[in-house]
8 protein chains.
Amino acid sequence: MKLNKGQKLLFIGDSITDCERVKPAGEGKFGALGNGYVSFVDGLLQAVYPELGIRVVNKGISGNTVRNLKDRWQEDVLDQKPDWLSIMIGINDVWRQYDTPFIKDWHVGLDEYQESLRKLVNETKPFVNGMVLMTPYYLESNEHDAMRRTMDQYGAVVKRIAEETGCLFIDTQAAFNQVLKELYPATLAWDRVHPSTAGHMVIARAFLREIGFDWDKV
Amino acid sequence: MKLNKGQKLLFIGDSITDCERVKPAGEGKFGALGNGYVSFVDGLLQAVYPELGIRVVNKGISGNTVRNLKDRWQEDVLDQKPDWLSIMIGINDVWRQYDTPFIKDWHVGLDEYQESLRKLVNETKPFVNGMVLMTPYYLESNEHDAMRRTMDQYGAVVKRIAEETGCLFIDTQAAFNQVLKELYPATLAWDRVHPSTAGHMVIARAFLREIGFDWDKV
Amino acid sequence: MKLNKGQKLLFIGDSITDCERVKPAGEGKFGALGNGYVSFVDGLLQAVYPELGIRVVNKGISGNTVRNLKDRWQEDVLDQKPDWLSIMIGINDVWRQYDTPFIKDWHVGLDEYQESLRKLVNETKPFVNGMVLMTPYYLESNEHDAMRRTMDQYGAVVKRIAEETGCLFIDTQAAFNQVLKELYPATLAWDRVHPSTAGHMVIARAFLREIGFDWDKV
Amino acid sequence: MKLNKGQKLLFIGDSITDCERVKPAGEGKFGALGNGYVSFVDGLLQAVYPELGIRVVNKGISGNTVRNLKDRWQEDVLDQKPDWLSIMIGINDVWRQYDTPFIKDWHVGLDEYQESLRKLVNETKPFVNGMVLMTPYYLESNEHDAMRRTMDQYGAVVKRIAEETGCLFIDTQAAFNQVLKELYPATLAWDRVHPSTAGHMVIARAFLREIGFDWDKV
Amino acid sequence: MKLNKGQKLLFIGDSITDCERVKPAGEGKFGALGNGYVSFVDGLLQAVYPELGIRVVNKGISGNTVRNLKDRWQEDVLDQKPDWLSIMIGINDVWRQYDTPFIKDWHVGLDEYQESLRKLVNETKPFVNGMVLMTPYYLESNEHDAMRRTMDQYGAVVKRIAEETGCLFIDTQAAFNQVLKELYPATLAWDRVHPSTAGHMVIARAFLREIGFDWDKV
Amino acid sequence: MKLNKGQKLLFIGDSITDCERVKPAGEGKFGALGNGYVSFVDGLLQAVYPELGIRVVNKGISGNTVRNLKDRWQEDVLDQKPDWLSIMIGINDVWRQYDTPFIKDWHVGLDEYQESLRKLVNETKPFVNGMVLMTPYYLESNEHDAMRRTMDQYGAVVKRIAEETGCLFIDTQAAFNQVLKELYPATLAWDRVHPSTAGHMVIARAFLREIGFDWDKV
Amino acid sequence: MKLNKGQKLLFIGDSITDCERVKPAGEGKFGALGNGYVSFVDGLLQAVYPELGIRVVNKGISGNTVRNLKDRWQEDVLDQKPDWLSIMIGINDVWRQYDTPFIKDWHVGLDEYQESLRKLVNETKPFVNGMVLMTPYYLESNEHDAMRRTMDQYGAVVKRIAEETGCLFIDTQAAFNQVLKELYPATLAWDRVHPSTAGHMVIARAFLREIGFDWDKV
Amino acid sequence: MKLNKGQKLLFIGDSITDCERVKPAGEGKFGALGNGYVSFVDGLLQAVYPELGIRVVNKGISGNTVRNLKDRWQEDVLDQKPDWLSIMIGINDVWRQYDTPFIKDWHVGLDEYQESLRKLVNETKPFVNGMVLMTPYYLESNEHDAMRRTMDQYGAVVKRIAEETGCLFIDTQAAFNQVLKELYPATLAWDRVHPSTAGHMVIARAFLREIGFDWDKV
């Protein structure tokens, strides 16, 4: 288990992270962490490692692209002084290119995405104990699908930055692909993006496995 | 893994099982399974064993005692023809003795509880492939607390019936006790009964471990 | 223009037809026809052919499969005594196989679909002046996608029945394919099924062209 | 077709334009364009000319007169940098004279109307590729009706300005008159102003015919 | 004053009478009589003739035609045993012919109207002390307008029946015409039917003058 | 009739005047004047004197005392430039002394009341054509009742100021007393203050008689 | 203290008793007893005599007269098998005579009141351990007020029946009169009937004193 | 009775004090004091000592700790110029240590609690006639329970400060302990903190006994 007693673990991202979390705090009782993978990670950490007392904070905001993260990075990440930071961003950066193709101002191209994400990671790395980069994903099993192909490019950027900076890396697309061998995308997500509980469990499990969580710990 | 491909797994119980599930169906998309342990079990089964295609149905109803289960057993259990059945009942049977002590009609005593539960299990056993009995619990670490002591008696009944009938048995109280060594009850449940996400993860994990779920399965 | 003065044109189908129409009447003022293709067909007929006085009735109900149509056919179609009848059904028959694959009771297989639809068409044909059969569709441009492939089979059934019975036939999938050459599915529908206004215009236009509507009529 | 690939087409006006559009953006998914003629124009453009990728923006606001347009012209028109601009204003300028005749501050007289509209058109013309002026209208077939007569005067102003400035001109009153030969006003609008879907189709069709839209384009 | 101490005065009609009255009772405190002419008649009677103790009951229902009155006449009129009865019906009988012209089932023609109304009046006359017949009206000052012309025919029927049966007769159209000389219809009613407070005062005053109400009574 | 063509008549006061008027405007269509005496005065003026085109504005605010009127006098009265002004204030000034007797800050004593009202009347008189002062009232027929006695003192102040300044004066208490001879207070007002429609008619009629309104005008 | 361990105490009456109690049960947690005197009696009994375990049930229903009590007596009183019964009825019997004087069907006269109440008391007496009769009241200090006078007559009936039948008797009017010496009625009740918390405390205290409650019990 | 005629008694605290009081005023009619012990104290004072005219003000705010009280002390206490002040604070100071143990910023430790409370008391004492300090409490009868033990320490601080400063002191924990001998905590409070009506009566009675309230006063 890579997390240590009393550490603060902050998640930032878009609607996949947000999931109706309490705003602005992003922590507390009564579903303050929302109903997605962040809450599941927190629940399993507390259930299996109660002695660690990990403080989980959710700073996801629906609809965000990396451009929005930049705008609120100081307040929502740096000022929070987390010990661990997990970032999952990019789905909206790509999606807007495909669902509102004519509104070009809303698109975040691959270069801007890469540059912005790299900058955020680099300027934060020195202040945290650990950082986790998760790829964006698209619940489409056809690799030649246009939006899936674009999403894979953004995922590749995340991988590259994780390698350059020594962050933990989680390939959520790969985790989902494993399930998509058996299930049609519509089973996991109404719109191929916002997953069911099962889909959030895929993300949570991928995260937990990466940080050394032991399901069978007594 | 004790469940087989294509089986139907039905959960019945009280508010801990219910958790705002869709009624009357108790299955389907969009949170139809509620937001508690049933949904977590389903999510993890689907995430890790998508090839099994387990059909999970939630028939919990808030406030139910074993007396209510009897009334709706034919419709909500037998008519559903589940392959596997999981029962967790008894919290309200005990709780009413402690939160509305003067309204004696609402209390279900130990004898009635035992007799009713045993009857339901016996008459259902022949029609299912597997049955899981979960104890009721109380999130109080002091074993001498009056309500905790009563709850333990009801849990002992569940254990006895499981042994008599060869059902799988899950000691949810024991699972929670493990966590209560580290955390004060108020961290897990506002009222010592309705758990947070972490508490529901404790139950889901106890269930999954009992049925042979392998977290590290590729 | 194949419709004559004073005729009643009834649409039946699922959520694509329903679109929040007023229930049970399905006709009247103030958006009684819903906000989808039925309302657009009615609006364009009234705007361009006001002298015909076509009475449009919407009897779509969200979530319906051909199995549901059978149950309400007498009341919602035959008793209404329409002059023209338009049927678009089948999307949910297929979709349930892909979004809730484990709940097999909810699936309507190809044989049942064909047999049911053929029966409804045959028993209604004698009582109406004209009948229009529209294929179900799926907003996925990849023809090898599993659900698209199944949907195409259901569409082929519709075509076959139209040919057998001499109904007007509208290939909505083909109409959408034309647009999908230029636009990614997510532009037209959040979930590849429920279309935007543009998608409903595709259906309305396909319908109107088939019945001889002349956009440039003075 | 007068619109070119990738152009931005902005509509401004009153409640006829507004129709519950999303504010302030006036564009996006999920009914952001409202449910009136703007949405229908957009839907038909996207359905028939998907390759053009026209970006439609709706900046109508209910209750507006030309006086209100002046106040928000910079922000809602000029700052938006549209390629094409369509204006339909004047109904409330006239209506207030007839429904709240004693509150004279709310009336916009013919001179103020003409002067304001001309100024807006002239100062915007240089910055757009094309501009469309639509007359206000009143769904009353009796030309001698007092409010209809006044509305016709305002419509004449629009025509004059369109001629002076070389804008495309759409006579919505004339388009409705065609339909009013067959239908009583109450069929098209509860209050002789806010049209049904059919009425909005009349406007949308008049607009599309003027800009060279080809319904039968393959 | 034609009403006597302690008498019960019942109004029946459509939405003009209804005006959000309490249902089913149609009498009592706190706006039980709605906010239209019935309430104004009651208020003025109680304010000026408190010693008479007139009991006013409102049995109007929105959207009713004379066809609906027939269906509920026994329960809502005869069983109530009023001393005085006031009827105003016919607006919807006519209006449906003009706002939903294609749905012919909803129209009540002149003959059916006359026959039904005459029958109701005749069978009720023997049981009441007094009966008042009010014409339907249309807030359109152009007598050649199609719907106004039709409404005038229905009003003529009311007059004829009043004369035949010796009922008090109130020509609401004439009362409104007086005001329409000065005010455009839109000032009095959004849709030329449902009047503002001023319009309801026109009706209330016409009624009160007919029954001998003395505004200047001390 | 003391009002002239085109004049603006503004009412200011407390909840009796307010009656859910639209805020802040206090004029317009659709019940903007509320549902109390102001609306009834407006309705009767428009019904009987449509040719005068009187513009009625309602600036009542629930709960106001004369202290509140002072605070908003510039904005809500002087800036509105009314031709006629009608003031009814004082009920809350007295009521608070009787319903919340221990919260002395909320009471407005007789001296403050007199001084404030006189000042407002004097500074406004020069700017209006006519001014109407209405007494506050209390729907209690027992003149020795403590609150009735106090209210009568405040009413006497209003009378005195009206005489000093030559304003029209309306004794609403006297008007109600006439009715209270026949009806118990509870018939007119739930709380002896907020009147039923009948009670508001008493006030409206008293006002209209004072300004020379002729009910029998043709 | 006249109540014994484990007894059930049932209150029946009108809105003063009801006070938003949970229906139909009238007992349980979370404000099931409403927010009036019944809840205060229960709270003080449980706070001071927890060892008695008195089960309090509230069967008040707003608007009830003794006529309504008769209709539901079997179900809401006899079937409940209370040990103690407390009745407070009559306010609406009187009030309707004063607030809706023209609707005579709603009035319950003194004779009917006396006869009905006596019958209910007599037929119930044999089945309960104790019965408490509370007078209706009116928060008016002027004994010559018409409605107060009538209420006093109804109160006298209650007293007479209590004496005849040997029930405990509580003069709520007398209890309030004590307070009305110091406070104006409007301080205790908006409408002279529905009391504030203080007013409900007056009733609760009168009840508790009658049954031998000792505030200073340790 | 220690309170004198016309004095103002202000309560400050957390949710136990707040109980949905009206904000910001904290006084007035219609439940302005909330539905907890403050309202009960006020109700009993007014019912039994109406001649004193005590003005009760509630300034409790849910979730407050002593840290929050410091922030709003000037505005909510000193500026109010109460004659008597009652403080009950500390439950949240302790509770957060047990229900959100990982969010250490939300905990108020014993030293900070003592120092802050002492400061507030000392700086206010000179300006009031009397001050009452109430301990925080925890509805747990097991004295060895961790949170109960901590709460007792905070209660001891309150006692110490009361002794130092000569304030009246109320041991709410002791008052509850008396009841907890008979009743299980769940009967009094769902979460062992927010009491039922009975629990609030325990607090109100403890308060009233301390200030010399005489239940049997005539």
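Residues numbered from 1 in each chain as written. Chains lettered and ligands numbered in written order. Predicted model: local features only at pLDDT ≥ 70, side-chain atom pairs only at ≥ 80, totals over all residues. Heavy atoms only, no water.

In the nomenclature of an unreviewed UniProt entry, chain A is known as Lysophospholipase L1-like esterase of Scopulibacillus darangshiensis.

1. So, the overall build of chain A
Helix and strand counts for chain A stand at 9 helices and 5 strands. The order of α-helices and β-strands along chain A, N terminus first, is β-α-α-β-α-β-α-α-β-α-β-α-α-α. Relative to the 2.2 N^0.38 estimate, which gives 17 Å for 218 residues, the radius of gyration of chain A is 16 Å and therefore close to what a compact globule would have. Referenced to the eigenvectors of the C-alpha coordinate spread, the extents of chain A come out at roughly 50 × 40 × 35 Å. When burial is assessed residue by residue, chain A has 65% of its 218 residues classed as buried. Pairs at least 24 apart in sequence give 77% of the contacts found in chain A among residues at least 6 apart. Summing over all exposed atoms, chain A offers an accessible surface of approximately 7,700 Å²; the carbon and sulfur share of this is 48%. Measuring between centres, the 26 positive side-chain charges of chain A sit 3 Å from its 30 negative side-chain charges. (Helix = DSSP H or I, 4+ residues; strand = E, 2+ residues; numbered from the N terminus. Rg over C-alpha atoms; globule rule 2.2 N^0.38 Å. Buried < 20%, exposed > 50% of the residue type's maximum accessible area, 1.4 Å probe, protein only. Contact = heavy atoms within 4.5 Å. Areas by Shrake-Rupley, 256 points an atom, 1.4 Å probe, with all protein chains shown as cover. Lys, Arg positive; Asp, Glu negative; His and termini not counted. Charge placed at Lys NZ, Arg CZ, Asp CG, Glu CD.)

2. Brief notes about the pattern of salt bridges
All names here are of chain B. In total, this model carries 104 salt bridges over all chains according to the counting rule given. Its salt-bridge partner being Asp 99, residue Arg 96 comes within 3.1 Å of it at the nearest N-O pair. One end of the pair, Arg 96, and the other, Asp 99, are both in helix H4 (residues 91–99), 3 residues apart, so they sit about a helical turn from each other. Residue Arg 96 shares its accessibility class with Asp 99, and that shared class is buried. (Salt bridge = Lys/Arg side-chain N within 4 Å of Asp/Glu carboxyl O.)

3. Considering the side chain of His107(G)
All names here are of chain G. For His 107, the location among the structural elements is in the loop between helix H4 (91–99) and helix H5 (110–124). From its side chain, His 107 meets the backbone oxygen of Arg 96 in a polar contact 3.0 Å long. A polar contact is formed between the side chain of His 107 and the backbone oxygen of Thr 100, at a distance of 3.0 Å. His 107 has contacts with Arg 67, Asp 93, Arg 96, Gln 97, Thr 100 and Pro 101, leaving out every residue within four places of it along the chain. (Polar contact = N/O pair within 3.5 Å; in protein donor to acceptor, adjacent residues only side chain to side chain.)

4. Comments concerning the interface of chain B and chain A
The interface is formed by 30 residues belonging to chain B together with 30 residues belonging to chain A. Across the chain B/chain A interface, buried area totals approximately 2,800 Å², and carbon plus sulfur atoms make up 68% of it. Among the residues chain B hides against chain A, the three largest losses belong to Met201(B), Arg205(B) and Trp215(B). Together they make up 26% of the total. Applying the counting criterion to the chain B and chain A interface returns 0 salt bridges. (Buried area = accessible area lost by both parts, 1.4 Å probe.)

5. Some remarks on the relation of the copies chain D and chain A
The transform that puts chain D on chain A rotates by 90° and translates by 0.1 Å along the axis, for an RMSD of 0.0 Å. As the rotation angle and translation indicate, the two copies are arranged about a four-fold axis. Relative to the rotation axis, the closest C-alpha in chain D is found at Lys23(D), a distance of 16 Å. (Least-squares fit on C-alpha atoms with pLDDT ≥ 70 in both.)

6. Considerations on the relation of the copies chain B and chain A
Screw-axis analysis of chain B against chain A gives a translation of 0.0 Å along the axis, an RMSD of 0.0 Å, and a rotation angle of 180°. A rotation of that kind, with that shift, is consistent with a two-fold axis. Taking C-alpha positions as the reference, the residue of chain B nearest the rotation axis is Trp215(B), at 3.3 Å. Residue by residue, 100% of the interface of chain B is reproduced at the interface of chain A, so both copies engage with the same surface.

7. Concerning the interface of chain D and chain A
Opposite the 8 residues of chain D that make contact, chain A presents 8 residues. Carbon and sulfur atoms supply 62% of the area buried between chain D and chain A, which totals about 660 Å² over both sides. Taken together, chain D and chain A are joined by 2 salt bridges. Two residues, Asp99(A) and Lys29(D), come together in a salt bridge whose shortest N-O distance is 2.2 Å.

8. Brief notes about the packing of helix H4 (residues 91–99) of chain C against helix H6 (residues 146–165) of chain C
Residues and elements named next belong to chain C. H6 packs onto H4 with a crossing angle of 150° between their chain directions and a minimal axis gap of 10 Å. It follows from the interaxial angle that H4 and H6 lie roughly antiparallel. Where H4 crosses over H6, the two elements pack in a sense that is right-handed. Together, Ile 91, Asp 93, Val 94, Trp 95, Gln 97 and Tyr 98 of H4 and Ala 146, Met 147, Thr 150, Met 151 and Tyr 154 of H6 make up the contact between the two elements. Residues of the contact of H4 with H6, tallied by class, amount to 8 nonpolar, 2 polar and 1 charged. (Axes fitted to C-alpha atoms, helices over the stretch in contact; angles between N-to-C directions. Parallel < 35°, antiparallel > 145°, perpendicular 65-115°, else oblique. Left-handed = near helix turned anticlockwise from the far one by under 90°. Nonpolar A, V, L, I, M, F, W, Y, C, P; charged D, E, K, R; others polar.)

9. Describing helix H6 (residues 146–165) of chain H
Residues spaced three or four apart along an α-helix face the same direction, because each turn holds 3.6 residues. Residue and element names in this part refer to chain H. In this model, H6 (20 residues) spans 29 Å end to end at C-alpha, consistent with the 28 Å of a helix rising 1.5 Å per residue. Listed as buried for H6 are Met 147, Arg 148, Thr 150, Met 151, Tyr 154, Gly 155, Val 157, Val 158, Ile 161, Ala 162 and Thr 165. Down the axis of H6, the smallest arc covering the buried residues is 165°, so these residues share one side. Against the buried residues of H6 lie helix H4 (91–99), helix H5 (110–124), strand S4 (130–134), strand S5 (168–170) and helix H7 (172–180). Here H6 starts with a cap whose side-chain oxygen sits 3.0 Å from the backbone nitrogen of Met 147, and that cap is Asp 145. (Expected span 1.5 Å × (residues − 1). Arc of directions from axis to C-beta.)

10. Looking at the sheet that holds strand S4 (residues 130–134) of chain C
Residue and element names in this part refer to chain C. Sheet architecture is open: 5 strands sit in the order S2-S1-S3-S4-S5, paired in parallel fashion. Single-partner strands in this sheet number two, and they are strand S2 (55–58) and strand S5 (168–170). This sheet shows a mean twist of 15° between the axes of neighbouring strands, independent of strand direction. Direction of pairing for strand S3 (residues 84–88) relative to S4: parallel, over a ladder of 5 bridges. (Pairing = 2+ DSSP bridges.)

11. Quick word on the UniProt feature "domain: SGNH hydrolase-type esterase" (unreviewed entry) in chain A
Per the UniProt record, "domain: SGNH hydrolase-type esterase" (unreviewed entry) is found at residues 11–200 of chain A. Spanning residues 11–200 of chain A, this segment combines 46% helix with 11% strand, and its end C-alpha atoms are found 14 Å apart. (UniProt positions renumbered as here; feature names shortened; annotations may be inferred.)

12. Focus on the arrangement of the chains
There is a clear gap between chain A and chain G: no contact, and 20 Å between their nearest C-alpha atoms. Across all C-alpha pairs, the smallest distance from chain C to chain H is 38 Å, and the two are not in contact.

13. Structural notes on the sheet that holds strand S1 (residues 8–13) of chain E
Residue and element names in this part refer to chain E. In space, the 5 strands of this open sheet follow the order S2-S1-S3-S4-S5, with parallel pairing throughout. The sheet is open, and its two edges are formed by strand S2 (55–58) and strand S5 (168–170), each paired on a single side. Across the sheet, the axes of successive neighbouring strands diverge by a mean angle of 15°, strand direction being ignored. Seen against the sheet, helix H9 (residues 197–210) touches S1, strand S3 (84–88), strand S4 (130–134) and S5 and runs at an angle of roughly 155° to S5.

14. Looking at the packing of aromatic side chains
If you walk through the whole model with that rule in mind, you get 80 aromatic pairs over all chains. With a centroid separation of 4.9 Å and an interplanar angle of 65°, the aromatic rings of Tyr98(D) and Tyr184(E) are classed as edge-to-face. Of the two residues, Tyr98(D) sits in helix H4 (residues 91–99) while Tyr184(E) sits in the loop between helix H7 (172–180) and helix H8 (185–188), which places them in two different chains. For the pair Tyr98(D) and Tyr184(E), one class covers both residues: buried. (Phe/Tyr/Trp six-rings, centres within 6.5 Å; stacked < 30°, edge-to-face > 60°.)

15. Quick notes on the environment of Ile103(G)
Position of Ile103(G) among the secondary structure elements: in the loop between H4 and H5. Residue classification places Ile103(G) among the buried residues on the basis of a relative accessible area of 6%. Beyond its immediate sequence surroundings of up to four residues, Ile103(G) is in contact with Glu27(E), Gly28(E) and Arg55(E).

16. Looking at the environment of Val94(A)
All names here are of chain A. Structurally, Val 94 is set in helix H4 (residues 91–99). Its relative accessible area of 0% is what places Val 94 among the buried residues. Sequence separation of Val 94 and Asp 83 is 11 residues, and the distance between their C-alpha atoms is 30 Å. Dropping the residues within four chain positions of it, Val 94 is found in contact with Met 147, Thr 150, Met 151 and Tyr 154.

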